[in-house]
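Geometric and topological summary
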Amino acid sequence: MNVENEVLIIPFRSDLKEEIKILNLEWLKKYFKVEAKDDKTLSDPQCEIIDKGGMIFYAKYNDKIVGTFSLLKIDETTFELSKMAVTDGVQGLGIGNKLMDHCMAIAKEKGIKKLILYSNRSLLPAIYLYKKFDFEEIQLEDGIYERADIKMERII
């Protein structure tokens, strides 16, 4: 079943600040560990993402927030696609595709020229999704995230 038409993508609101943390802690605890950098960002998304020129979006399905992604500002034309998560119960329904479609539309609308992301090769569905949206592997620098073993970028 494809539910993409039933999913609403909404921007960050202060009353939803806990949702980005809940959704990301779910997958971080399942596959890796919560790093200090994650905890800092997820505990205060207003200060760590929004106030620094970034953006957060949520996927709403059946009146519940079930997915999220953020765009962290690197510079005026480069952003990091980060903190993307879809809760376990609705994975495989096309919500990740809907989030990525919205991400690409926002990037074009805001004049973003390059998106980067950090991930782990063991997250096969995520890597597949990024490749589907034309992200390509580039050189990974050290020290960004302990769990990251791949860096990807997409020129818009």
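Predicted model only: the values in this text are computed from it and were never measured.

Time to look at the pattern of salt bridges. Tallied over the entire structure, the rule returns 12 salt bridges. Among the ionic pairs, Asp 38 bridges to Arg 147, the shortest N-O distance being 2.8 Å. Separated by 109 residues along the polypeptide, Asp 38 in helix H2 (residues 36-43) and Arg 147 in the loop between strand E6 (136-138) and strand E7 (150-155) bring together distant segments of the chain. Residue classification places Asp 38 among the buried residues on the basis of a relative accessible area of 0%. Overall, Arg 147 belongs to the buried group, its relative accessible area being 12%. With a shortest N-O distance of 3.8 Å, Lys 114 and Glu 153 are connected by a salt bridge. Taken as a pair, Lys 114 in strand E5 (residues 114-119) and Glu 153 in strand E7 lie far apart in primary sequence, 39 residues in all. By relative accessible area, Lys 114 is classed as partly exposed at 27%. Salt bridges here are not isolated pairs; linked through shared partners, they connect Glu 35, Asp 38, Lys 83 and Arg 147.

A few words on the layout of surface pockets. If you add up the space inside the largest pocket, you get close to 890 Å³. Looking at the largest pocket, it is lined by 36 residues, and the ones nearest its centre are Met 84, Pro 125, Ala 126, Leu 129 and Tyr 130. Elements that contribute at least two residues to the lining of the largest pocket include exactly helix H1 (17-31), strand E4 (78-86), helix H4 (95-109), E5 and helix H5 (124-132). Looking at the lining of the largest pocket, its residues break down into 20 nonpolar, nine polar and seven charged. Reported here for the second largest pocket is a volume of approximately 210 Å³. Looking at the lining of the second largest pocket, the elements with two or more residues in it are H2, strand E3 (64-75) and E4. Residues belonging to the lining of the second largest pocket are distributed by class as follows: four nonpolar, two polar and seven charged.

Calculation criteria
- Residues numbered from 1 in each chain as written.
- Predicted model: local features only at pLDDT ≥ 70, side-chain atom pairs only at ≥ 80, totals over all residues.
- Heavy atoms only, no water.
- Salt bridge = Lys/Arg side-chain N within 4 Å of Asp/Glu carboxyl O.
- Helix = DSSP H or I, 4+ residues; strand = E, 2+ residues; numbered from the N terminus.
- Buried < 20%, exposed > 50% of the residue type's maximum accessible area, 1.4 Å probe, protein only.
- 1 Å grid on protein atoms, 1.4 Å probe; cavity = no way out; pocket = protein on both sides within 12 Å on 5 of 7 lines; lining within 4 Å.
- Points joined across faces, edges and corners; volume = space filled by probe spheres on them.
- Nonpolar A, V, L, I, M, F, W, Y, C, P; charged D, E, K, R; others polar.

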